[in-house]
Amino acid sequence: YRTSFVLLLDYYSSTFEIKPDRLQMKDVSQERVFSFLDWIEKERNCCVSTRNQRLAAVKSFFTYVATKSPENLMLCQQIAAIPQKRTSQKPLLYFSPEGTEKLLSMPDISTWIGRRDHAILVLLYDSAARVQELIDIKEKDIRTELPATVTLFGKGRKTRTTPLSSATAMIINSFLSEKKHRFDSNQDSLLFVNSRGGKFTRVGIAGILDKYVKKMKKNGFSEFVPGPVSPHSLRYPNLLSFLTF
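Read on for an overview of the structure.

## Some remarks on the packing of helix H3 (residues 48-68) against helix H4 (residues 73-80)
What describes two packed helices is the angle between their axes and the distance between those same axes. Running from N to C, H3 and H4 cross one another at 155°; their axes reach a closest spacing of 9 Å. Considered as vectors, H3 and H4 are oriented roughly antiparallel to each other. The handedness of the crossing between H3 and H4 comes out as left-handed. Residues Val58, Lys59, Phe62, Val65 and Ala66 of H3 form the contact with H4, whose own contacting residues are Leu73, Leu75, Cys76, Ile79 and Ala80. Residues that form the contact of H3 with H4 fall into these classes: nine nonpolar, no polar and one charged.

Structure (structure tokens):
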């Protein structure tokens, strides 16, 4: 917020010749805030997201002003009504079935970490789970007997049960059996834990994907990487028919 208001004061000083120590509420208007935002974008060559960040700071301040200075309520409402500028949406990048096959072959399943990472990537792909949903899965939430399913808890604790392929069920069942020998766990334990036995973070899951994407490129499979990817790139509807055991 500090940077936003330093820029706003600089804008008033340079454009309207109103120094910070002389700036009053009557000098502020919706029109001038609009022109400040255009100045941010055009004169300072900032992107639309930066413009929107500056606007958010100004709106936050005037929300506070409305609670402390009711006589300026109309001005505060006018400022609050300024819409954010829409940014162009980047297309979502998904792995193709061939790319997913290459990605899932990257973990070294001769090691515990490799087997864990492989299970994470497989479950992300087959369940179309969001990262936080994957992190929150407990052992009791997954059924490896046929018909195999996983129960996911989404935003607002909305629950959905997703079917899993038999290939995924075999991978998760094998992983669970080994995990129980390595960690003290029960039905309320998290399905996936980090190397210290603690809960994963979103950054941690993204880091696992990034590690194997880099390995794909190093191994000559760059053509199968769709571009900048995230765990969301695995949320692609397809069957894991290409898995072998």
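This is not the end of the story, as more comes after the structure.
## Some remarks on the pattern of salt bridges
Tallying each qualifying case throughout the model produces 15 salt bridges. Glu178 serves as the salt-bridge partner of Arg115, at 2.6 Å between the closest nitrogen and oxygen. Placement of Arg115 in helix H6 (residues 112-127) and of Glu178 in helix H8 (residues 166-182) is noted, with a sequence separation of 63 residues between them. Given the relative accessible area of 18%, Glu178 is considered buried. Measuring nitrogen to oxygen at the nearest pair gives 3.2 Å for the salt bridge that ties Asp117 to Lys211.

## Brief notes about the packing of helix H1 (residues 2-16) against helix H2 (residues 30-43)
Contact pair H1 / H2: the axes reach a minimum separation of 11 Å and the direction vectors enclose 105°. The pairing of H1 with H2 is recorded here as roughly perpendicular in orientation. Counted together, Ser4, Leu7, Leu8, Asp10, Tyr11, Tyr12 and Phe16 of H1 and Arg32, Ser35, Phe36, Trp39 and Ile40 of H2 form the full contact between these two elements. Tallied by class, residues from the contact of H1 with H2 come to eight nonpolar, two polar and two charged.

## Regarding the pairing of strand S3 (residues 159-163)
Sheet topology note: the strand S2 (residues 149-153)/S3 ladder contains five bridges and is antiparallel. Each residue of the ladder has a partner; that of Val150, found in S3, is Thr162. What sits between the antiparallel neighbours S2 and S3 is a turn of five residues, in which Gly156 has the positive phi angle 70°.

Reading the values: the criteria
- Residues numbered from 1 in each chain as written.
- Predicted model: local features only at pLDDT ≥ 70, side-chain atom pairs only at ≥ 80, totals over all residues.
- Heavy atoms only, no water.
- Axes fitted to C-alpha atoms, helices over the stretch in contact; angles between N-to-C directions.
- Helix = DSSP H or I, 4+ residues; strand = E, 2+ residues; numbered from the N terminus.
- Parallel < 35°, antiparallel > 145°, perpendicular 65-115°, else oblique.
- Left-handed = near helix turned anticlockwise from the far one by under 90°.
- Contact = heavy atoms within 4.5 Å.
- Nonpolar A, V, L, I, M, F, W, Y, C, P; charged D, E, K, R; others polar.
- Salt bridge = Lys/Arg side-chain N within 4 Å of Asp/Glu carboxyl O.
- Buried < 20%, exposed > 50% of the residue type's maximum accessible area, 1.4 Å probe, protein only.
- Pairing = 2+ DSSP bridges.

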